[in-house]
Amino acid sequence: MNVNKIRLIHFRNFGDVSLDFHSSLNIFIGNNAQGKTNIIESIYTLLRGSSYRTKDDDNLISWQEKESYLLGEVQKDNKECFQINILLQNIEPQGHLSPKTKKIIKANKKYQKKSWLLQRFKPVVFTPEDLQIVKSSPTVRRKFLDEVIINLNPIYDQYLKDYNRILFQRNILLKNEKNSNNLIKQLSIWNEKIIELGTLIILYRIKTLQLLNQKVKDLHQMMTENKETLKLKYNSNVLTSFTEDKEEIRRILAQKIHSAQERDFRLKVTTIGPHRDDYFIINNKIDLGIYGSQGQQRTAVLALKMAELEILKEKENEYPPLLLDDVTSELDLERRRFLMQLITEKPLQTFITSINLDDLTQVKSIKDMKVFRVRNGIVEGNEQ
Ligand SMILES: Nc1ncnc2c1ncn2[C@@H]1O[C@H](COP(=O)(O)OP(=O)(O)O)[C@@H](O)[C@H]1O
Ligand SMILES: [Mg+2]
């Protein structure tokens, strides 16, 4: 899949900029605060209907302006081509209402919902904040895994939402119901649903961790010259040993929920279930989150993202675009070389930012690419 071109009007620090992209490698070079990340963000927003950096569309509109346009052409490998237009518009506040940003999405001149984009375009993006997948809390790791699963199985999004809604209700009940007979009676209804949805969520997570593991090991070994081995290990408060047997998972979850009931009463919160899931990211038997160097952590997240890319490719029969923001800092020459080799040998469109062109090209002579120089919202591009 390719993003052929994009036009940004009043998006972040851009006035009106049109860019024609290379079908393989696109490199954005510039000093800090010139607009490199904003370009990556604009491509992502064109494909997904919202940014990965902010929930608030208003932030995307240039200061001083009331509206912003993104216009782009996206082509699938089967040659099917889409003209995507996104308009973001600030609506003046009326009365006591706070200001709002309206969003209009069109594909080939037809109005579409954001879900239309989400189903079709699944770019993989790496940003410096993704380091948190290794370093930070289980919540961040779950979010990464869940997003991979949703991209592969859209129905999972619904399971997750339903589970979280029921979990919320169950916790409210635990907090508010003082009569223990009533509590037990009412909990049994919620328990059934928690068990049903929880089983599905655990099963999807186990299967997807398996899929990621199958890909990540080789990719990571390539990036570390076979010196390091990366593995994801499911860390669940439900399962203590590995199984993909749905009935077995259901049985164990049901049993644990029931035996945790006393504790749940006392703590007034649901203590067992996939909402407490985590996974270890293990490199040569050590937990990277605790003992890894910055470079090792970055390499691990990159390998994870590349694994996600491979899984999506298998599902969709084409590579989604790969967006790499500031990926090379903290990677030594060797790791940069392997990364560049990895992305240039695949039939894949990549967008990558860097302060220094040499950081990317010195490591490998690359013929098929386009370099864009970004300075204060102005972009100059040339084919190499
Ligand atoms: N809505 C906006 N309107 C105008 N400028 C913005 C807006 N949002 C961010 N900027 C500016 O865009 C500039 C470039 O940001 P960024 O793309 O993150 O730089 P970098 O090249 O370091 O990746 C920053 O100076 C920031 O102040
Ligand atoms: Mg940046």
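Calculation notes
Throughout, residues of each chain are indexed from 1 in the direction in which the sequence is written. Ligands are numbered from 1 and chains lettered from A, in the order in which they are written. At least 70 in pLDDT is required for a residue's local features to be given in this predicted model, at least 80 for side-chain atom pairs to be given and counted, and no such filter applies to totals for whole chains, interfaces and linings, which use all residues. Residue ranges assigned to each domain were obtained from an automatic or database domain assignment. Contact between two residues is assigned whenever their backbone-derived C-beta positions fall within 7 Å. Only DSSP runs of H or I covering at least 4 residues are called helices, and only runs of E covering at least 2 are called strands; the numbering of each starts at the N terminus. At least two DSSP bridges between two strands are required for those strands to pair. For every element, the axis is a line fit to its C-alpha atoms; helices are fit only across the contacting stretch, and the angle between N-to-C directions ranges from 0 to 180 degrees. Exposure criterion: with C-beta atoms placed from backbone coordinates, a residue whose C-beta has 20 or more other C-beta atoms within 10 Å is buried, one with 12 or fewer is exposed, and one in between is partly exposed. Whether a residue is near a molecule or strand depends on its C-beta atom, placed from the backbone, lying within 6 Å of it. Three classes are used: nonpolar for Ala, Val, Leu, Ile, Met, Phe, Trp, Tyr, Cys and Pro, charged for Asp, Glu, Lys and Arg, and polar for all others, with Gly counted as polar. Take the buried Ala, Val, Leu, Ile, Met, Phe, Trp, Tyr and Cys residues, join any whose C-beta atoms are within 7 Å, and the set you get is a nonpolar core.

**Observations regarding the domain arrangement of the protein chain**
Okay, so step 1: The domains assigned to the protein chain are domain 1 (2–123 + 320–383) and domain 2 (131–289).
Okay, so step 2: Just the C-alpha atoms count here: the centres of domain 1 and domain 2 sit 33 Å apart.
Okay, so step 3: In this assembly, seven residues from domain 1 lie in contact with five residues from domain 2.
Okay, so step 4: Per-element accounting of the side of domain 1 that touches domain 2 gives the leading share, five residues, to helix H11 (residues 333–344).

**Observations concerning the sheet that holds strand E9 (residues 230–235)**
Okay, so step 1: One open sheet holds the three strands; their spatial order is E9-E10-E11, and the pairing between them is antiparallel. Both edges of this open sheet fall to E9 and strand E11 (286–287), since each of them pairs with a single strand only.
Okay, so step 2: Across the sheet, helix H6 (residues 180–223) touches E9 and strand E10 (278–283), and the angle it forms with E9 is around 165°.

**Considerations on the environment of Gly381**
Okay, so step 1: Looking at the secondary structure, you find Gly381 in strand E15 (residues 378–383).
Okay, so step 2: Assessed through the 18 C-beta atoms surrounding it within 10 Å, Gly381 is described here as partly exposed.
Okay, so step 3: Here the alpha-carbon distance between Gly381 and Ser115, two residues 266 residues apart in the chain, equals 32 Å.
Okay, so step 4: Those residues in contact with Gly381 that lie beyond four places of it in its chain are Leu19, Lys370 and Phe372.

**Here's the deal with the site of ligand 1**
Okay, so step 1: By nearness alone, 14 residues border ligand 1, and Asn13, Ala33, Lys36, Thr37 and Asn38 come closest of all.
Okay, so step 2: Taken together, the residues that form the shell around ligand 1 break down as three nonpolar, nine polar and two charged.

**Observations concerning the pairing of strand E3 (residues 25–29)**
Okay, so step 1: Burial runs high along E3: five of the five residues are buried.
Okay, so step 2: Burial along E3 is two-sided: Leu25, Ile27 and Ile29 and Asn26 and Phe28, pointing in opposite directions, are all buried.
Okay, so step 3: Both E3 and strand E13 (residues 350–354) contribute to a ladder of five bridges, which runs parallel. Within the sheet, the bridge partner assigned to Leu25 lies in E13 and is Thr350.

**Points about the nonpolar core**
Okay, so step 1: Core analysis: the biggest nonpolar cluster contains 68 residues, and Ile43, Ala303 and Leu323 have the highest contact counts within it.
Okay, so step 2: If you tally residues by element for this core, the top one is helix H10 (residues 294–316), at ten residues.
Okay, so step 3: Both domains that meet at this core, namely domain 1 (2–123 + 320–383) and domain 2 (131–289), each give it at least three residues.
Okay, so step 4: Setting aside chain neighbours within four positions, we find Ile43 in contact with Val3, Ile6, Leu323 and Phe351.
Okay, so step 5: Counting residues in hydrophobic clusters, the runner-up holds 20 residues, among them Ile166, Ile194, Ile202 and Val238.

**Remarks on the environment of Asn226**
Okay, so step 1: Position of Asn226 among the secondary structure elements: in the loop between H6 and E9.
Okay, so step 2: Using a count of 10 C-beta atoms within 10 Å as the deciding quantity, one classes Asn226 as exposed.
Okay, so step 3: Separated by 107 residues in sequence, Asn226 and Gln119 place their C-alpha atoms 36 Å apart.

**Section: the sheet that holds strand E6 (residues 100–107)**
Okay, so step 1: If you walk across this open sheet you meet the six strands as E2-E1-E4-E5-E6-E7, and the pairing is antiparallel. Two strands bound the open sheet, and with one partner strand each, they are strand E2 (16–20) and strand E7 (110–112). Adjacent strand axes in the sheet meet at a mean angle of 20° when their direction is disregarded.
Okay, so step 2: Where strand E1 (residues 2–9) meets E2, five bridges bridge the pair, whose relative direction is antiparallel. Counterpart to Lys5 in the pairing with E2 is Asp20.

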